[in-house]
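Chain residues, written in single-letter form:
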Amino acid sequence: MKQLVVSIALLLTTAILSVGGVWEDIDLWTLDRRMDLVDIEPTGTLAVVAIDVRTLRALDQWPISRRTHARVVDILIENGADQIALDIDLSGESYPEDSAILAEAFARASGRIILPIFFQRDGDRNTTSEIVVTRPMALFEQHAWLGNVNVSPERDGRVRRGSYGVEIDGQFYFSLPALLAGRADREKPFFHTNYSINTHEIPRISYIDLLNGEVGRDQIEGRKFIIGATAVELGDQFAVPKHGVMSGPAIQAMAYETLATGTVIRQTDTPAVIAGLVVIVFAGFFLQRRMSWLQLQLIGIVALVTLQAIGFLLFRDHAIDLNTAAWSVAILLVCANSILSEIARQRRHIRRQRLENEYRRLLTTSVVNDSPDAIIIADTEGQIEMINPVARQLFAIDGERHALEMRLSEVLPATLLQATEAEGAFPREYLLENSSDPEKTRCLRYTLSHSRVPRTLSDDETTMRELVTYTFHDVTERHAAEEAIRTAHRQEQEASRAKTEFIANMGHELRTPLNAIIGFSELMTTEIFGPLGDGRYRQYATDIADSGRHLLMTVNDILDLSRIDSHKVELVDENIDVAEVTDSCIGIARSWKEAPDKSFVADYGHGSAALNADASLFKQMLTNLLSNAAKFSKPSGRITIRTAIAADGGLSLAVADTGIGIAAEDIARVTEPFYQADGSLSRSHEGTGLGLALVNAYMNLHGGRLRIESVPHEGTTVTLLFPPDRLRPTEDRAASALAGA
């Protein structure tokens, strides 16, 4: 928005100054330079009869007698002159006889004579009634045309314009050049004389040569002539562009040639100048928003050169004076505005950069001072340049100002300083001892980093200097914590080892008597050595055998879990038929005391599958799942075993029951050893809580995972998910795939 306001201000300023004529002198100077570069050949139809120095010396009189003028007129008429214009004052009285002779000569010219008429103001210039008209004597006027020969210098003193004529008291008087050229425009009394016409090519005849008969007919016939004084001594001289100084007759001749050659200079009018200013200023506004200032300067230079080139070509080829001053000034102002805008932008950038540098400095200082680590920054000579409060406290230094006057050798212990200078990788550790209070001895981990930062020597000179940052991190508490962790871990390993040894020993000690108890109770149940008598004894023996087997199974589960924790279980992989093993496990399950009122249903999907797994562990996993399903299912419940190919290409084996289900908050914990969803002493189902824990551990050994889904009071589905690399093709699966194809 600011840039638009500036552009509008530039437009208004240049437009107002242009209307006020401020650029006129520049435009005139530009026009003069164009005329300097152009040469236009004259028509050759006009010649000047010059009353020059030779003539004055030869005749030795001034003014020249009218009798002599008559002889010159007769010579020209006799030799076929087309028109004769006299730029000589014939208004005053002279010898009557000479005037009569001249009048007779004009009469013989038969209307081919043009005599001068002058207009002069007398007194106040504001009223036309005071214009004094100087005209030829009536004796001469009746045989000639009257042509205005007034010339008016511009404000720079040069004669630039010719006249078509002037209207005085309702009568229009044509100018001498307009009468000679036969062209006039009453709407435009003045025209710009084109001084690019080569004045040296306009024929000049000395008055005395013509009088002495030294001019041939071929130089006179068919031409128009202007007779007038050209001698400097006579004072009829005017400043003009390109040619410096010209006489009055020569100026009239240039005006005639301008009209005759059709090279009247046409100047750019004000509306065109204003329109050009609008284009330039707003083009500059849009370009400034899209280009750099340097690009805009280059475009400005190209625009100025192009503008002047176009102006020159228009003047040379069409005599059009393109007023480029206002446009050139507008281009320069646009370029200057872009430079000033860039300077302002650079100032803002420098100010912002200084603020950012100050912010970074404050940020760095704040970070260093607020750091929990001890930080010291020094140069390569060891002079301290920054030290934070933690470092001052650690190395017992009073005051930052005092510290900045010190060297590293005065702050760091000699052994620490030597250690930092030793070769090797960082970080390193150092024990900072406190001889007065051993409990304050600290263990430090330290690092060194090297930085190169600019240092300004003067406004245009900057050098790089190297700084070294020493960072000390107090790791005393961490070392103590690590040592405590190592001690706890060691103790845990020792406890785990003791537990494993205890479980192994206890397992051996428990198995021996349990086997004896189970064996003897089975002998008593079968009454091998004779009847026991009362039938209750056989029932007691059966209960003892069942309890012993249950206890033995629990001991075996605990031992298996202990072996897994100790990483002593190795898989013995083999290809097993999932359907065959499942059917076998279902057959065993049907014989359990919890199973008679339960129904077992197997669904093998598209056929049996072969699995590369440890057969004994696979059976134990499936048995544990079937046991849980039978144990927790309702009377007349349904237990479904379903196999399928999982989404990832592995094997999915699900055991679903219609039992009591598991609460959502317990699902994540039922695979923990000894955890039971119903942990009360009054629970209605037996178990140690190791079944699912073992299944989960065995699945982990196989690279698979266990998934449990349950809805309380509706049932539970436990799924074994084996990875794809354990699935093996079988004949049934191959046949099914072939049939599908």
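Just above sits the structure.
Residues numbered from 1 in each chain as written. Predicted model: local features only at pLDDT ≥ 70, side-chain atom pairs only at ≥ 80, totals over all residues. Heavy atoms only, no water.

## Some words on the packing of helix α4 (residues 66-78) against helix α5 (residues 96-108)
Thinking step 1. The interhelical angle for the contact between α4 and α5, taken along N-to-C directions, is 15 degrees, at an axis separation of 8 Å. As judged from the angle between their axes, α4 and α5 are roughly parallel. In this structure, α4 meets α5 at a crossing whose hand is left-handed. Note on element contacts: α5 touches α4 through Glu97, Asp98, Ser99, Ile101, Leu102, Ala105, Phe106 and Arg108, opposite Arg66, Arg67, His69, Ala70, Val73, Asp74 and Ile77.
Thinking step 2. By residue class, the composition of the contact of α4 with α5 is seven nonpolar, two polar and six charged. (Axes fitted to C-alpha atoms, helices over the stretch in contact; angles between N-to-C directions. Helix = DSSP H or I, 4+ residues; strand = E, 2+ residues; numbered from the N terminus. Parallel < 35°, antiparallel > 145°, perpendicular 65-115°, else oblique. Left-handed = near helix turned anticlockwise from the far one by under 90°. Contact = heavy atoms within 4.5 Å. Nonpolar A, V, L, I, M, F, W, Y, C, P; charged D, E, K, R; others polar.)

## Digging into the packing of aromatic side chains
Thinking step 1. Going through the model one piece at a time under the given rule, you end up with six aromatic pairs.
Thinking step 2. Centroid distance Tyr164 to Phe191: 4.9 Å. Interplanar angle 50 degrees. Geometry classified as tilted. In this pair, Tyr164 sits in the loop between β6 (161-163) and β7 (165-168) while Phe191 sits in strand β9 (residues 190-192), placing the two residues 27 residues apart along the sequence. Each member of the pair Tyr164 and Phe191 is classed as buried.
Thinking step 3. Arranged with centres 5.0 Å apart and planes meeting at 75 degrees, the rings of Phe172 and Phe174 form a pair that is edge-to-face.
Thinking step 4. On the basis of relative accessibility, which here comes to 15%, the residue Phe172 falls in the buried class. (Phe/Tyr/Trp six-rings, centres within 6.5 Å; stacked < 30°, edge-to-face > 60°. Buried < 20%, exposed > 50% of the residue type's maximum accessible area, 1.4 Å probe, protein only.)

## Examining α4
It helps to recall that an α-helix has 3.6 residues per turn; residues three or four apart then point in one direction.
Thinking step 1. End to end, α4 covers 18 Å across 13 residues, agreeing with the expected 18 Å (1.5 Å per residue, within 8%).
Thinking step 2. Buried residues dominate α4, accounting for 10 of its 13 residues.
Thinking step 3. By the burial criterion, the buried members of α4 are Arg66, Thr68, His69, Ala70, Val72, Val73, Asp74, Ile75, Leu76 and Ile77.
Thinking step 4. Where α4 terminates, the next one or two residues include Gly80, which has phi positive at roughly 85 degrees. (Expected span 1.5 Å × (residues − 1).)

## Some remarks on empty space enclosed by the protein
Thinking step 1. In the structure shown here, the tally under the stated rule is two cavities of 30 Å³ or more.
Thinking step 2. In this structure, the largest cavity encloses a volume near 70 Å³.
Thinking step 3. What lines the largest cavity is a set of 13 residues, among which Asn150, Val151, Gly162, Ser163 and Gln252 lie closest to the centre.
Thinking step 4. At the level of elements, β6 and α9 (248-260) are the ones that each hand at least two residues to the lining of the largest cavity.
Thinking step 5. The computed volume of the second largest cavity comes to approximately 30 Å³.
Thinking step 6. Considering the residues around the second largest cavity, the lining is formed by Leu28, Leu31, Met35, Arg160, His192, Thr193, Tyr195 and Pro241.
Thinking step 7. For the lining of the second largest cavity, the element with the most residues is helix α2 (residues 24-37), which contributes three residues. (1 Å grid on protein atoms, 1.4 Å probe; cavity = no way out; pocket = protein on both sides within 12 Å on 5 of 7 lines; lining within 4 Å. Points joined across faces, edges and corners; volume = space filled by probe spheres on them.)

## Notes on the pairing of β7
Thinking step 1. As paired strands, β7 and strand β8 (residues 171-174) are joined by four bridges and run antiparallel to one another. Looking at β8, one finds that Ile168 is bridged to Gln171.
Thinking step 2. As consecutive antiparallel partners, β7 and β8 are separated by two residues, and within that stretch Asp169 has a phi angle of approximately 55 degrees, a positive value. (Pairing = 2+ DSSP bridges.)

## Regarding the pattern of salt bridges
Thinking step 1. According to the stated counting rule, one finds 24 salt bridges in the structure shown.
Thinking step 2. Arg34 is the partner of Asp321 in a salt bridge, and the nearest nitrogen-oxygen pair spans 2.9 Å. A residue pair is termed long-range when its members are at least 10 positions apart, and Asp321 in strand β15 (residues 320-321) and Arg34 in helix α2 qualify at 287 residues.
Thinking step 3. When its relative accessible area of 0% is taken as the criterion, Asp321 is described as buried.
Thinking step 4. On the basis of relative accessibility, which here comes to 4%, the residue Arg34 falls in the buried class.
Thinking step 5. Note that Glu97 is salt-bridged to Arg67, the shortest N-O span being 3.3 Å. A residue pair is termed long-range when its members are at least 10 positions apart, and Glu97 in helix α5 and Arg67 in helix α4 qualify at 30 residues.
Thinking step 6. The exposure class of Arg67 is partly exposed, given its relative accessible area of 34%. (Salt bridge = Lys/Arg side-chain N within 4 Å of Asp/Glu carboxyl O.)

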